[in-house]
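Fold and contact review
Given next are the chains, with one letter for each unit.
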Amino acid sequence: MAMQESGEMYLETIYILSKKSSCVRGIDVGEYMGYSKPSVSRAVSLLKKEGLVRIDDSGYIKLTETGEEKARSIYERHVIFTRLLMKLGVDEKTAADDACRIEHYISDTSFAAIKAHMKKYDSDME
């Protein structure tokens, strides 16, 4: 079953925060996303049921192997689309905002083609 956009946003946020610190708390996710503690708790509970995150003994949110793989894929899409739009002349904020929308809806086939094109023609992608 395909994950909803909101679940993908939470996974991506946990991934980003886990790259900055090994201790990601629900409050950190809420602050980063601008969401309330109950919203974060519900989302994390759903991600846990899907086997994408776990909560350790100290209450920190950890991505499972599957969760990290999914989150890394979402984040990669975000980075590539942001970079592509900026290369086309879009300002960084708009490019990042638009990339965030695109990353959740584009097919794997189209993304793979865009990624291959970027690697072929963009020396920054090497």
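The model shown is predicted, which means the values in this text are computed figures rather than measured ones. (Residues numbered from 1 in each chain as written. Predicted model: local features only at pLDDT ≥ 70, side-chain atom pairs only at ≥ 80, totals over all residues. Heavy atoms only, no water.)

So, helix α1 (residues 5-20)
The end-to-end C-alpha separation of α1 is 23 Å, in line with the 22 Å expected for 16 residues at 1.5 Å each. Listed as buried for α1 are Gly-7, Glu-8, Tyr-10, Leu-11, Glu-12, Thr-13, Ile-14, Tyr-15, Ile-16 and Leu-17. Residues of α1 that are buried sit in contact with α2 (26-33), α3 (37-49), β1 (53-55), β2 (61-63) and α4 (65-87). (Helix = DSSP H or I, 4+ residues; strand = E, 2+ residues; numbered from the N terminus. Expected span 1.5 Å × (residues − 1). Buried < 20%, exposed > 50% of the residue type's maximum accessible area, 1.4 Å probe, protein only. Contact = heavy atoms within 4.5 Å.)

Structural notes on the pattern of salt bridges
Tallying each qualifying case throughout the model produces eight salt bridges. Lys-93 serves as the salt-bridge partner of Asp-97, at 2.8 Å between the closest nitrogen and oxygen. In this pair, Asp-97 and Lys-93 both sit in helix α5 (residues 92-102), four residues apart, roughly one turn of the helix. In the salt-bridge network here, residues are joined through shared partners; they are Lys-19, Glu-68 and Arg-72. (Salt bridge = Lys/Arg side-chain N within 4 Å of Asp/Glu carboxyl O.)

Some points on the packing of α1 against α3
One can describe the packing of α1 onto α3 by two numbers: an axis separation of 10 Å at closest approach and a directional angle of 95 degrees. Taken together, the axes of α1 and α3 are roughly perpendicular relative to one another. Residues Gly-7, Tyr-10, Leu-11 and Ile-14 of α1 pack against Ser-39, Val-40, Ala-43 and Leu-47 of α3. By residue class, the composition of the contact of α1 with α3 is six nonpolar, two polar and no charged. (Axes fitted to C-alpha atoms, helices over the stretch in contact; angles between N-to-C directions. Parallel < 35°, antiparallel > 145°, perpendicular 65-115°, else oblique. Nonpolar A, V, L, I, M, F, W, Y, C, P; charged D, E, K, R; others polar.)

Let's talk about the packing of aromatic side chains
Following the criterion strictly, the structure yields three aromatic pairs and no others. For the ring pair Tyr-10 and Tyr-35, a centre distance of 5.7 Å and an interplane angle of 50 degrees mean the geometry is tilted. Of this pair, Tyr-10 sits in helix α1 while Tyr-35 sits in the loop between α2 and α3; the two residues are 25 residues apart in sequence, bridging distant segments of the chain. The class of Tyr-10 is buried, set by a relative accessible area of 6%. (Phe/Tyr/Trp six-rings, centres within 6.5 Å; stacked < 30°, edge-to-face > 60°.)

A look at the packing of α1 against α4
In contact at an axis separation of 8 Å, α1 and α4 are set at 95 degrees when each is read in the N-to-C sense. By the angle between their directions, the pair α1 and α4 is classed as roughly perpendicular. On α4, the residues that touch Glu-8, Leu-11, Glu-12, Tyr-15, Ile-16 and Lys-19 of α1 are Gly-67, Glu-68, Lys-70, Ala-71, Arg-72, Ile-74, Tyr-75 and His-78. Looking at the contact of α1 with α4 residue by residue, the classes come out as six nonpolar, two polar and six charged.

Observations concerning α5
Every buried residue of α5 is accounted for by Ala-95, Ala-99 and Cys-100. Each buried residue of α5 sits inside an arc of 135 degrees when the element is viewed along its axis, so together they form one side. Buried residues along α5 sit against α1 and α4. If you check the start of α5, you find a side-chain oxygen 3.3 Å away from the backbone N of Lys-93, and it comes from Asp-91. (Arc of directions from axis to C-beta. Polar contact = N/O pair within 3.5 Å; in protein donor to acceptor, adjacent residues only side chain to side chain.)

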